[in-house]
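# Structural characterization, general
For reference, the chains in residue letters:
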Amino acid sequence: MPSSALPLVHTSFYRFVALSDPDAIAGILRELVATLTGSALVAEEGISGALAGSVEQIDAFERAMHQDPRLQGLFADMPFKRSACQTPPFWKVRVHRKREIVALGLDGVSGLVPDRAQGQHLSPQQWRDLIAQDNVVVIDNRNSFEYRLGRFKNAIDPHVDNFRDFPDYVSSHADQWRAEGKKVAMYCTGGIRCEKTSAWMQQFGLDIYQLDGGILNFFQSLPDADKDWQGECFVFDNRIAIDTRLQETPTTADEVYNDSPDELWRKERAHRLDSVTPKASRVNTPDAPTAGPDDQD
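Predicted, not measured: the structure shown is a model, and the values here were computed from it.

## Overview of the overall build of the protein
The helix and strand tally for the protein stands at 9 helices and 13 strands. Across the 297 residues of the protein, 56% fall into the buried class. Put simply, of all contacts in the protein between residues at least 6 apart along the chain, 72% involve residues at least 24 apart. Approximately 13,100 Å² of the protein is accessible, and the part contributed by carbon and sulfur atoms is 48%.

Take a look at the structure:
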């Protein structure tokens, strides 16, 4: 576990890459994350994760993912997105073997698309330039409660309560977007949802773009990210939300979720944690118990 005497850093990552032996990769990951807290997912289509530890521990983990010979260079250039922690994000570490690292719910759809056009992935500055144009539909590829808390200016909420609902939204609007000659710009927290859906959306004949690295990369890359972003960014850990400078905010679960059936269970889960150690009390208290990231981006 991370040392309670050191400040914590959060790192998130993903990589779609064909894994011939995902069980072996999961075993290596369990070794590499032993000193950290958080969660990692391993599937035949790749890996994703969110972890926390001291700067030195996170440095060592990221270096190992890039250089450990047992990983055969599969993640040698995998980017990591870091943010600060006041509240400890997690209280234990888990590595899960899954069918998919992000479940879209469509048979045969994978994040593995070797011939995907590079032009679809926009840098933060390119994204800023694109969404300033009039002929662009900006789609928030996250849950509605995340959109309510914060969003890019002029972004549309598809009213998705689960990622598996997103394909229905796209299918019902694709003809209109195409008829209007609209470019479709998608974003999500870390980029993984957009990565999974962009290739599938090509079948509709749409001109599709995605923010490379997601909201977190936008915040990390642009000091003036608040010019384009309204509100905060929800994170699936005990910090609840961060601002455009990647700093934890005072926002609580009650300010994020409503009492709808799709969100009530999330609120109740957060309350179970909060009844033991309220968020205000957990700040700068690294040994306090926290929940794991059951819903990564």
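## Quick word on the packing of aromatic side chains
Throughout the structure, instances matching the rule amount to 19 aromatic pairs. Aromatic side chains Phe 152 and Phe 218 sit 4.9 Å apart centroid to centroid with 85° between the ring planes, which places their arrangement in the edge-to-face category. One end of the pair, Phe 152, is in strand E8 (residues 150–152); the other, Phe 218, is in helix H7 (residues 214–221), and 66 residues separate them in sequence. Phe 218 sits in the buried class, given a relative accessible area of 0%. Pairing Tyr 169 with Trp 177 gives two aromatic rings, centres 5.9 Å apart and planes at 55°, and the pair type is tilted.

## Digging into the pairing of strand E7 (residues 136–140)
Among the 5 residues in E7, 5 count as buried, and that is most of the element. Residues Val 136, Val 138 and Asp 140 line one face of E7 and the alternating positions Val 137 and Ile 139 line the opposite face, and both faces are buried. Relative to strand E9 (residues 183–187), E7 runs parallel, the two sharing 5 bridges. Paired with Asp 140 across the two strands is Tyr 187, which belongs to E9.

## Let's talk about helix H3 (residues 124–131)
Listed as buried for H3 are Pro 124, Trp 127, Arg 128, Leu 130 and Ile 131. Projected onto a plane normal to the axis of H3, the buried residues spread over an arc of 165° and lie on a single side. Looking at the buried residues of H3, the elements they touch are strand E6 (121–122), E7, E8, E9, strand E10 (207–211) and H7.

## Comments concerning a negative patch on the surface
A surface patch of negative charge is lined by Asp 161, Asp 165, Asp 168 and Asp 262. Counting through the fold element by element, Asp 161 comes out in the loop between E8 and helix H5 (166–179).

## Quick look at the packing of H5 against helix H6 (residues 192–201)
One way to put it is that H5 packs onto H6 with a least axis distance of 12 Å and a crossing angle of 35°. Here H5 and H6 pass one another in a crossing that is right-handed. Taking contact as the criterion, the partners of Phe 166, Pro 167, Val 170 and Ser 171 in H5 are, on H6, Thr 197, Trp 200 and Met 201.

## Some thoughts on the side chain of Thr 244
One can find Thr 244 in the loop between strand E13 (241–242) and helix H8 (261–274). Residues in contact with Thr 244, not counting those within four places in the same chain, are Phe 219, Ala 225, Asp 226 and Trp 229.

## As for the sheet that holds strand E4 (residues 81–84)
Spatial strand order, E4-E1-E3-E2-E5: 5 strands in an open sheet with mixed pairing. Two strands bound the open sheet, and with one partner strand each, they are E4 and strand E5 (93–97). With strand direction ignored, the average angle separating the axes of adjacent strands in the sheet is 10°. Set on the sheet, H6 makes contact with strand E1 (9–16) and strand E3 (46–53); between it and E1 the angle comes to about 15°.

## Some words on helix H1 (residues 22–32)
Along H1, the residues classified as buried are Pro 22, Ile 25, Ala 26, Ile 28, Leu 29 and Leu 32. All buried residues of H1 fall inside an arc of 165° around its axis, so they share one side. For H1, the secondary structure elements touched by its buried residues are strand E2 (37–43), E3, helix H2 (55–67) and E5.

## Looking at the nonpolar core
In this structure, Ile 139, Phe 166, Val 170, Trp 177, Met 186, Met 201 and Leu 206 are the most contacted members of the largest nonpolar core, which totals 26 residues. Only E1, E2, E7, H5, E9 and H6 provide two or more residues apiece to this core. Residue contributions to this core peak at 5 residues, all from H5. Discounting chain neighbours no more than four positions away, the residues touching Leu 206 are Ala 174, Trp 177, Arg 178, Val 184 and Met 201.

The rules we used
- Residues numbered from 1 in each chain as written.
- Predicted model: local features only at pLDDT ≥ 70, side-chain atom pairs only at ≥ 80, totals over all residues.
- Heavy atoms only, no water.
- Helix = DSSP H or I, 4+ residues; strand = E, 2+ residues; numbered from the N terminus.
- Buried < 20%, exposed > 50% of the residue type's maximum accessible area, 1.4 Å probe, protein only.
- Contact = heavy atoms within 4.5 Å.
- Areas by Shrake-Rupley, 256 points an atom, 1.4 Å probe, with all protein chains shown as cover.
- Phe/Tyr/Trp six-rings, centres within 6.5 Å; stacked < 30°, edge-to-face > 60°.
- Pairing = 2+ DSSP bridges.
- Arc of directions from axis to C-beta.
- Patch = residues over 30% accessible without salt bridge, like charges linked within 9 Å, V, L, I, M, F, W, Y side chains within 5 Å.
- Salt bridge = Lys/Arg side-chain N within 4 Å of Asp/Glu carboxyl O.
- Lys, Arg positive; Asp, Glu negative; His and termini not counted.
- Charge placed at Lys NZ, Arg CZ, Asp CG, Glu CD.
- Axes fitted to C-alpha atoms, helices over the stretch in contact; angles between N-to-C directions.
- Left-handed = near helix turned anticlockwise from the far one by under 90°.
- Core = buried A, V, L, I, M, F, W, Y, C linked by side-chain atoms within 4.5 Å.

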